[in-house]
Each structure stands twice: as structure tokens, then as C-alpha cells.
Amino acid sequence: MHTNLSERVFQEIAQLIPSGSRVLDLGCAEGDLLELLSRTKQVKGMGVDIDEKMVLHCVARGISVFQGNLDEGLRDYQTASYDYVILSRTLQVVHKPVLILKEMVRVGKHAIVNFPNFGYLPIRLQLLLKGQMPVTPSLPFQWYDTPNIHLCTKKDFLNLCKVLGIRILQEINLWNGKRIPPFLGNAWATEVCFLLQGSSEGQSYVESIDSRSSLS
Amino acid sequence: MATRTTLEGSVGIVTPKEYTFGSAADPLELESGRTIYPVTVRYETYGTLNREKSNAVLILHAFSGDAHVAGYKTEQDRYPGWWDPMVGPGKPFDTNKYFVICSNVLGGCQGTTGPSSVNPLTGKPYGLSFPLITIGDMVKVQRYLIDHLGIQRLLTVVGGSMGGMQALEWAIAYPERVRSAIVIAATPRLTAQGIAFNAVGRNAITSDPNWNGGDYYGKAIPSRGLAIARMIGHITYLSEQSMHDKFGRRLQNREQYAFDFNDQFAVESYLEYQGDKFVERFDANSYIYISRAMDYFNLDEKYGSLEAAFRKTKAKFLIVSFTSDWLYPPKQSKEMVFALMKEGKDVSYAELDCPYGHDSFLIETERQGKLFSSFLENLYAHESF
């Protein structure tokens, strides 16, 4: 993805977060977002990433990082132990999106999720007109080598949140880095960002995860 | 040919130093309540302590290690110190930047006071009259040394396995004196399985007739018992994968089975060799005392809980485990990471995918090196004393 577009969405995330918050960034990669947040918002941050190279990058920048697999959930993280749990451009690569969303709103008092919107009209048109899996600047992979195994549209995501009882506190719809009105989002946003909260704060979802709800 | 002193990246020939402290009036007080004096610490240093004394790195060795981390003992020395790829000019613990210290542990047999040392009160080796010691006692002795060197705060304490236990104990017991702790392939407590392996090792030693209740100095030593103890230990340091890769089912000197007891598998021969080599440099009683110290190690028990143990720490932690380490598996490292997180401490965790089992911390120096050097560089750059 384009760096300037990453920066744009990071700025949007940053303005959702009050100074001095405790932040957990899931799939933090090189720690760019955490670095921005600690510089501009003095957050106390921690990143999680599965890739040793990314962990090394974070350590070198002095960013606290945990090398782990998000598909194992956040079982060992305390309920409501972070003010914000962020999942930036990572939802589409996890194996268990339901598990991770439930865990995010448990561990965080708030959650922030942003992802590329598969409902973006030019993507739909590629499939419709060319009859091929879409390849775009923000989703530049061929179907056979993409890490993106759980792509969804903005509408899909909203439906899932409803099913999971997750409340949407704020939404940001971006078309190539520029804000557009929410009603245009599903068809015209290249990327969407949501501020979320669990249905009842502090509630533990661990049980429902263990019993493997039909959604997981 | 390059001499030892001019080898690139090497600290060259190293001369160990000794520091002795403690007297009848002011002995070393042990966790058990017993006291001992005098105590001699054998240590080596590499690099130069800066004027602010802010660049000191304390390396803590594992069970069978010693103070000789890097470089060579003599011009003829064939092998360098036990972590030579990590310590030297331009290496991860860069001796051009940092002042690196390593000492032999209390209870050891490589120059620091232990059961094989002569008790000045009796003129004879301590043997089993040496008091039982703990990891905390080892750390206390190191603190005396650091006091002696005039260092108020260590930039980092770093160690693998039993060295990791010491690094933890340092950060917990002396929070003001540790800027950071690198804890590798360690555990917050020795498990029943760990104690069991140690117990078998001790049994091998004490069953050797030459052991003689620990009184064998100047006589035939319990070399067979000690060799077997080492063989058992060595199995726990490797992984199934690494043993398979290294030896498979190969026979040592034959192509086919002869179905007699001279059939020897390569892995057997390797263990024999490791055992015999160990006997040349290690004392059987030290094995017993140090393995006991590890058995006692249990942070939950000592401090009430793991969280309570970490509550007063001020260090930045880097905790590292290895996927193939079944002796102190990643799960045990993660437990410490989450306890630290729960207490709001600054902690990072790396789980290196590495096939060499527990010994990975000695073998996989390249990836660890990158991790540690970047961790330290960042820390040192932001250092404010």
C-alpha cells in the first residue's frame, strides 16, 4: 500500500486516541503507527506481530513488542487492560476474524479496526466486467498468492458487528486518503476505519470463544 | 598466521581477575540464613568503562559456563570463550562501546568460591560442608562485584537458561541498579520435570563410589557419575530434531549391526565424548550445589506471585524463547511476559523459530545478536543517568 495513504489512515487513527492512552496494536509490523502515537500522543504502546523481522524493527526503535500469533487470540491479556486495541489493515489476514474482534473489545475499552473495503465499486466492476478476481493498488495480490483470506465490504463488517453485539462509536470512510460521507462508504471508500466498543464494557467473551460459536 | 591478539572481532587474550570479600565480622549472608566468608569471585572484563559508568553490561552464565565469555586464555588456546560470537569489537555486545563483565557463579568451580575451594578455617576443601546456595545468592555475590567495580547501574543484565534466572533475580532484587534485562530461554520456576532431570544427574554422581560423600579432593574423582550426569543434561539441552539432524541412527564405527555390545550409535558416542570432556573441567560437587540452586528457583514462591515478583522492577525487559526448547519452553517465558504486562512494565518478547532446543541460546547467535544489539543501541542512545 502507498506510504502516504498509510500515513493518512494513521493520522485518522491518531485523532481517535486521547493523549496518554494505553494502546495495543495487533499486527503492528515495523511499529510505524505506534511510533506516531507515542510521538504525537505520548501513548504507552505495545505491538504484536508474528514476524521476527518486524519484531526486530520494533525492538530497534524502542517499541515494546510481543511476537505472537493473533489466531491464538488474546487469551492471556487481561480484560479492559488497554484503552485502545488497534487492528490496522490486518483483519483480512487473520484466520479467525470473529475471535479477534471479540477479544479486541474484551481486552480494550475501545477497539479500532480499519481495512480495505472490498465493496469499493471499481473492485466490484473488475469482477463483473473482467470476470477476474480484482487486483487494485490497495489490494495488489493475485488470488493465488494473497495473504488476504478474509476480505469483506463495509456492509459485511457492519452486519458482523451487529451479530456480535459490537457497537460502532465512529466511522471514517476514506477514498484514496480523503474523507467521504458515510453513505457513500460501501461503494466508494477504498478504506474504512471504525471505533468500536463491546456491548457491555468489561464483559468476558472467553467462554463463548471456548465453546466455539457457530461464527468462528 | 594471525595471533590471538590480532584476530578481527576478537577481544584477544584475556586475563581473568579476582575479587575477594567477606570476613568473620562481615560475612556473606545467604538466603538460607547461613553465612560464608571469605568469598572470591573470578571475573573477566572486556572493553572500557566510560566516565559516567553507564555502559556496563553484565553477562550471566548458565549451569556449566564460566567467566570466560570471549577471547582466548593463551596464545595456544584452540577454542574461544563460550559466547565469543556475541562479545567483541563490532559484535552484538560491542566492546568498543560497552564494558562487558562476566563472573563465575557462587558454588562454581572455575575460580569463584564453591565446594571445591579450600575453607580457610579448616585448610581443607569445603566438600559437603559448603552451604546450600540459591540463584539469589549468586546474584548477591555479583552485586558485591559490581559495587567493587564502582558501577551504580548496569546498562543491562543478560543471560540464558540459569543465566536468565539470574537476570530475573537481578531486576527483581536490585531494581535501581538495572536499566534493562535480557532474559533468554529461562523460566520463572523450575518445573517438576526440570527438578527430576537434575535429581537423576545428582544420583549418578552420588552413586559413584569415588564420590565418597563429597570428600574426594586429592583422590580419585567420581568421573563416571559426573559424566553420566552431563550426558543426561545434554539430552535436555538438545531437541529431537537437532539430534536427528546431527546423528540420525548412524553407527559410529560400523556400517552394519554386528549385534554385539560394540555396536555404538553416533549419538551414544557423542554423549560419551561430552561426558568425558565435561569431567576435565567441572567439579562433581559444584554440579550438585548448582543444580540444587536451580531446583529452589521459584519466583512465585519467593515473592508471593509472579506479578508481585515483578511489581518493583524498573528495568526494560527483553524476553526471548526458542520454539524447540522443551526444557524451558516458550510457554514459561510468555507467562513472565504477561505478568510483566499486567504490572504495566516495559517488556518485549521474541520467540525465535530455531531447531536446536534449549541450547539455541548458545548456537543461534546471529539472530539473537541482531536483536540484542538493536535493543541495546536504542537503550544506550536514550540513556540518561
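The rules we used
Residues numbered from 1 in each chain as written. Chains lettered and ligands numbered in written order. Predicted model: local features only at pLDDT ≥ 70, side-chain atom pairs only at ≥ 80, totals over all residues. Helix = DSSP H or I, 4+ residues; strand = E, 2+ residues; numbered from the N terminus. Rg over C-alpha atoms; globule rule 2.2 N^0.38 Å. Buried ≥ 20, exposed ≤ 12 C-beta atoms within 10 Å, placed from the backbone. Contact = placed C-beta atoms within 7 Å. Axes fitted to C-alpha atoms, helices over the stretch in contact; angles between N-to-C directions. Parallel < 35°, antiparallel > 145°, perpendicular 65-115°, else oblique. Nonpolar A, V, L, I, M, F, W, Y, C, P; charged D, E, K, R; others polar. Domains from an automatic or database assignment. pLDDT = per-residue confidence, 0-100. Pairing = 2+ DSSP bridges. Left-handed = near helix turned anticlockwise from the far one by under 90°. Right-handed = clockwise from strand over helix to strand, strands pointing away.

Caption draft 1: Seen up close, the overall build of chain A. Counting secondary structure elements, chain A contains eight helices and eight strands. The C-alpha radius of gyration of chain A comes to 17 Å, within 12% of the 17 Å expected for a compact globule of 216 residues. Considering only C-alpha atoms, chain A reaches an extent of 50 × 40 × 35 Å along its principal axes. By the burial criterion, 40% of the 216 residues in chain A qualify as buried. Taking the intrachain contacts of chain A between residues at least 6 apart in sequence as the baseline, contacts between residues at least 24 apart amount to 63%.

Caption draft 2: Layout of the packing of helix H3 (residues 52–60) of chain A against helix H12 (residues 365–381) of chain B. H12(B) packs onto H3(A) with a crossing angle of 20° between their chain directions and a minimal axis gap of 8 Å. Accordingly, the angle class assigned to the pair H3(A) and H12(B) is roughly parallel. Every residue of H12(B) that contacts H3(A) at Leu56(A), Val59(A) and Ala60(A) is listed here: Lys370(B), Leu371(B), Ser374(B), Phe375(B) and Asn378(B). Of the residues in the contact of H3(A) with H12(B), the class split is five nonpolar, two polar and one charged.

Caption draft 3: Seen up close, unusual backbone geometry. Across the junction of Tyr37(B) and Pro38(B), the peptide omega takes the value -15°, indicating a cis bond. With respect to the helices and strands, Pro38(B) occurs in the loop between strand E3 (35–36) and strand E4 (39–46). The phi angle at Ala80(A) is positive, at roughly 55°, despite the residue not being glycine. Note that Ala80(A) resides in the loop between strand E3 (65–67) and strand E4 (82–88). For Asn212(B), which is not glycine, the phi dihedral falls at a positive 55°. Checked against the element boundaries, Asn212(B) lands in the loop between helix H3 (192–206) and helix H4 (223–237).

Caption draft 4: Seen up close, the interface of chain A and chain B. Between chain A and chain B, the contact holds 13 residues from the first and 18 residues from the second. At the level of secondary structure, the elements contributing two or more residues to the side of chain A that touches chain B comprise H3 and E3 of chain A. A per-element tally of the side of chain A that touches chain B places H3(A) first, with five residues. Partitioning the side of chain A that touches chain B into residue classes produces six nonpolar, four polar and three charged.

Caption draft 5: Layout of the domain arrangement of chain B. Residue and element names in this part refer to chain B. For chain B, the domain assignment lists domain 1 (17–191 + 298–381) and domain 2 (197–290). Taken together, the contact pairs 23 residues of domain 1 with 17 residues of domain 2. Grouping the constituent residues of the side of domain 1 that touches domain 2 by class yields 13 nonpolar, nine polar and one charged.

Caption draft 6: Region of the structure containing the confidence of the model for chain A. In the predicted model, chain A carries a mean pLDDT of 91, and 91% of its residues have values of at least 70. Below a pLDDT of 50 lies the segment residues 201–216 of chain A, which in the model reaches 19 contacts outside its immediate sequence neighbourhood of four places, other chains included.

Caption draft 7: Main features of the environment of Thr74(B). Residues and elements named next belong to chain B. Structurally, Thr74 can be placed in the loop between strand E5 (56–60) and strand E6 (87–88). Classification of Thr74 as exposed rests on a count of 9 C-beta atoms within 10 Å. Thr74 sits 60 residues away from Val14 along the chain, and the two C-alpha atoms are 7.8 Å apart.

Caption draft 8: Examining the pairing of strand E6 (residues 167–175) of chain A more closely. All names here are of chain A. With seven bridges connecting them, E6 and strand E8 (residues 191–197) associate as antiparallel partners. Residue pairing for E8: Glu171 is matched across the bridge by Phe194. As defined by bridge partners, E6 adjoins strand E7 (residues 178–180) across three bridges and the pair is classed as antiparallel. Opposite Trp175, over in E7, you have Lys178 as the bridge partner. Connecting the antiparallel pair E6 and E7 is a turn made up of two residues, with Asn176 showing a positive phi of about 45°.

Caption draft 9: Quick look at helix H2 (residues 32–40) of chain A. Within H2(A), the full set of buried residues consists of Asp32(A), Leu33(A), Leu34(A) and Leu37(A). Within two residues after H2(A), Gln42(A) carries a phi angle of roughly 50°, on the positive side.

Caption draft 10: Highlighting the packing of helix H1 (residues 135–148) of chain B against helix H2 (residues 162–173) of chain B. Residues and elements named next belong to chain B. In the contact formed by H1 and H2, the axes pass within 9 Å of each other and the chain directions differ by 70°. One way to sum up the angle between H1 and H2 is to call them roughly perpendicular. Judged by the sense of rotation from one axis to the other, the crossing of H1 with H2 is right-handed. Counting all contacts with H1, which are made through Ile135, Gly136, Met138 and Val139, the residues of H2 involved are Met165, Gln166, Glu169, Trp170 and Ala173.

Caption draft 11: Highlighting the pairing of strand E13 (residues 316–322) of chain B. Residue and element names in this part refer to chain B. Summarising burial for E13: seven of the seven residues are buried, a large majority. Side-chain alternation along E13 places Lys316, Leu318, Val320 and Phe322 on one buried face and Phe317, Ile319 and Ser321 on a second face that is also buried. Across five bridges, strand E12 (residues 180–184) lies against E13 in parallel orientation. Within E13, the residue paired with Ala181 across the bridge is Phe317. Crossover handedness for the path E13 to helix H10 (residues 330–342) to strand E14 (residues 347–352): right-handed.

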